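# Working through the structure, step by step
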Number of protein chains: 2
Amino acid sequence: MSTRRVPVIERIMGANDTQAADNRRIFDEHGVHVVNIMAAPGAGKTSLILETVRRLQGELRIGAIEGDVASTVDTDKVRAGGAPAVQINTGGGCHLDAKQVAQSLNEFPLDEVDLVFIENVGNLICPVGFALGEHTRVAISSVPEGDDKPYKYPKIYANVDALVINKIDLLPYLPFDLEAFQKLVRSLNPDIELFPVSCVTGKGMDAWTSWLQNLARAE
Amino acid sequence: MSTRRVPVIERIMGANDTQAADNRRIFDEHGVHVVNIMAAPGAGKTSLILETVRRLQGELRIGAIEGDVASTVDTDKVRAGGAPAVQINTGGGCHLDAKQVAQSLNEFPLDEVDLVFIENVGNLICPVGFALGEHTRVAISSVPEGDDKPYKYPKIYANVDALVINKIDLLPYLPFDLEAFQKLVRSLNPDIELFPVSCVTGKGMDAWTSWLQNLARAE
């Protein structure tokens with residue numbers, strides 16, 4: 001099976017990288033900083049985006065490209081939160097690719113935003129293998145997922161610029177060792193930025209939004 | 001991209017189905033009932049298996065085939081819980097396939113068990129597309145993931161025999177509408193068995209273990 005699949009996937013990856021470079025050029029021409037957000041289903045990708053939009057209202061113009069296998073529930077939520085958003089439905093695909101993002105830009109008001117979140121399909125495995133043209137890669141872990149996930153899905157932890165550790169308001173109810181978890185993640189990725197946050201209580205959100213503002217200012 | 005990929009994937013699926021039928025024959029020859037467990041990372045697949053093993057000790061001989069991208073942490077836990085277990089590491093693959101399961105059987109004591117859990121790779125999208133030779137397919141949702149997941153990942157909810165709704169002990173702390181969630185799942189799959197459970201408090205576990213015992217008895 002692997003001998004049959006590898007050459008095909010390599011050819012796709014080559015085409016994907018070319019398209020990702022084109023996307024990146026378009027983002028740079030518009031002075032927009034783009035953040036690719038990757039996480040397991042239910043880690044809180046949309047909640048983090050919504051809470052970030054709310055906190056930076058009037059300071060940073062944020063938009064979102066929402067990836068999902070099906071439905072427009074996330075796009076509806078982000079629009080209701082006051083930010084421009086477009087939906088990509090993969091129809092069964094387990095990650096976004098650069099071509100899907102390029103197509104979504106036809107409907108996206110790039111001139112009206114400073115920072116764009118691309119919310120990838122909920123999956124800890126495949127999305128990290130496909131560049132979309134983003135400047136920054138962020139993964140989200142959530143406390144209820146358990147603190148052993150870096151052992152099982154090492155590639156995503158090793159290949160992102162930052163990790164948001166979400167739902168820390170649930171720490172009192174769950175056996176999650178925050179310190180050991182952060183140490184484990186740093187062993188895979190010594191330069192990673194770590195942001196323990198709760199979108200519910202707001203704890204840790206200031207550090208996260210300041211970091212984003214610095215990224216967008218550098219653009 | 002899709003025109004290039006589809007024929008290759010279809011050929012692989014054909015080979016996978018043939019191997020799955022061979023696996024099924026082997027399971028049947030040994031009178032073993034096999035349950036393919038699929039869920040997002042951190043939904044509680046291993047916890048459910050461990051708690052089921054503990055509760056059915058002396059009544060049902062249970063084993064596990066543990067799938068992960070990397071590590072043997074789950075197999076170590078199941079063995080420590082007193083059940084035979086083997087690990088499959090996909091090395092990057094986002095689902096198990098029938099060939100991997102066939103190879104794992106070389107090390108597995110099928111004559112010593114009545115029921116085998118195959119714990120699939122943590123992923124709500126791809127595993128449901130690959131038969132492994134199992135008799136029964138079970139998905140696990142967990143309360144912290146949120147009650148909107150069936151909109152986003154409809155295929156898995158529509159194609160399993162049962163859904164375990166895990167971590168109901170966290171319902172007081174999270175905005176999860178259990179009744180609406182079950183209604184939504186039934187709209188995708190009217191015949192599905194639903195088991196709201198907590199592996200921590202034990203609530204709902206009796207209904208789940210009784211159901212499994214009936215499945216194994218029918219073998």
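These lines cover the structure that appears in this document, whether it is placed above or below. Since this is a predicted model, take the numbers as computed values, not measurements. (Residues numbered from 1 in each chain as written. Chains lettered and ligands numbered in written order. Predicted model: local features only at pLDDT ≥ 70, side-chain atom pairs only at ≥ 80, totals over all residues. Heavy atoms only, no water.)

## Quick word on the packing of aromatic side chains
All names here are of chain A. Our working definition: Pairing of aromatic rings covers Phe, Tyr and Trp, the last counted by its six-membered ring, and requires centre-to-centre distances within 6.5 Å; plane angles under 30 degrees mean stacked, over 60 mean edge-to-face, and any other angle means tilted. Helix numbers and strand numbers start at the N terminus; a helix is a DSSP run of H or I with at least 4 residues, a strand a run of E with at least 2. Whether a residue is buried, partly exposed or exposed follows from its accessible area with a 1.4 Å probe, protein chains only, as a fraction of its type maximum: under 20%, in between, or over 50%, in that order.
A complete count under the given rule lists 11 aromatic pairs over all chains for this structure. Relative to Trp 211, the ring of Phe 195 has its centre 5.2 Å away and its plane inclined at 50 degrees; by these criteria the two rings are tilted. With a gap of 16 residues between them, Phe 195 in strand S7 (residues 193–196) and Trp 211 in helix H8 (residues 205–218) connect regions that are remote in the sequence. In this structure, Phe 195 and Trp 211 share a single accessibility class: buried. Among the aromatic residues, ring-to-ring pairing joins Tyr 157, Phe 176 and Phe 181 into one connected group.

## Here we look at the side chain of His135(A)
Threshold: In protein, a polar contact requires one atom able to donate a hydrogen and another able to accept it; more generally it is a pair of N or O atoms within 3.5 Å, and residues adjacent in sequence count only if both atoms are side-chain atoms.
The topology assignment puts His135(A) in the loop between strand S4 (115–119) and strand S5 (136–142). At 2.7 Å, the side chain of His135(A) and the side chain of Asp28(A) are in polar contact.

## Thoughts on the sheet that holds strand S6 (residues 162–166) of chain B
Residue and element names in this part refer to chain B. The condition that has to hold: Paired strands are those between which DSSP finds at least two bridges. Axes here refer to lines fitted to C-alpha atoms; in helices the fit is confined to the stretch in contact. Angles between the N-to-C directions go from 0 to 180 degrees. For this analysis, residues touch if any pair of their heavy atoms sits within 4.5 Å.
Read from one edge of the open sheet, 7 strands run S3-S2-S4-S1-S5-S6-S7, paired in parallel fashion. Both outer strands of the open sheet, strand S3 (85–89) and strand S7 (193–196), are each paired with one neighbouring strand and no more. Neighbour-to-neighbour, the strand axes of the sheet open up by a mean angle of 20 degrees, direction not taken into account. In terms of strand pairing, strand S1 (residues 33–39) meets strand S4 (residues 115–119) through 5 bridges, oriented parallel. From the neighbouring strand, Ile 37 faces S4, where its bridge partner is Glu 119. Of the strands in this sheet, strand S2 (62–68), S3 and S4 are in contact with helix H3 (residues 73–80), which crosses S3 at around 175 degrees.

## Notes on the environment of Glu134(B)
All names here are of chain B. Locating Glu 134 in the fold gives a position in the loop between S4 and strand S5 (136–142). With relative accessibility at 8%, the residue Glu 134 sits in the buried group. Taking the C-alpha atoms as reference, Glu 134 lies 27 Å from Val 200; in sequence the two are 66 residues apart. Of the polar contacts made by the side chain of Glu 134, one reaches the backbone nitrogen of Leu 132; its length is 2.8 Å.

## Regarding the relation of the copies chain A and chain B
Superposing the two chain copies requires a rotation about an axis and a translation along that axis. The line we're drawing: Here the copies are matched by least squares. The fit uses the C-alpha atoms of residues with pLDDT of at least 70 in both.
Superposing chain A onto chain B requires a rotation of 180 degrees together with a translation of 0.0 Å along the rotation axis, leaving an RMSD of 0.0 Å. Look at the turn and shift together and you get a two-fold axis relating the two. Mapped onto chain B, 100% of the interface residues of chain A are again interface residues, and the two copies thus contact each other with one and the same surface.

## Structural notes on helix H7 (residues 178–188) of chain B
Residue and element names in this part refer to chain B. Inclusion rule: Here the arc refers to the directions that run from the helix axis out to each C-beta atom.
For H7, every residue scored as buried is listed here: Phe 181, Leu 184 and Val 185. The buried residues of H7 occupy an angular sector of 95 degrees when projected down its axis, which confines them to one face. Among the exposed residues of H7, those oriented more than 90 degrees off its buried face are Glu 179, Lys 183 and Ser 187.

## Some words on the pattern of salt bridges
Note the cut-off: Think of a salt bridge as a Lys or Arg side-chain nitrogen and an Asp or Glu carboxyl oxygen that are within 4 Å of each other.
Per the stated rule, a full pass over the model turns up 22 salt bridges over all chains. Linking Glu51(A) and Arg55(A) is a salt bridge whose minimum nitrogen-to-oxygen distance equals 2.9 Å. On the criterion of helical spacing, the pair formed by Glu51(A) and Arg55(A) is a turn pair, its members being 4 residues apart in helix H2 (residues 45–55). The class of Glu51(A) is buried, set by a relative accessible area of 11%. The residue Asp148(A) makes a salt bridge to Lys152(A) at a minimum N-O spacing of 3.9 Å. Classification of Lys152(A) by relative accessible area gives buried; the value is 6%. Within the structure, one salt-bridge network assembled from shared partners comprises Asp74(A), Lys77(A), Asp148(B), Lys149(B) and Lys152(B).

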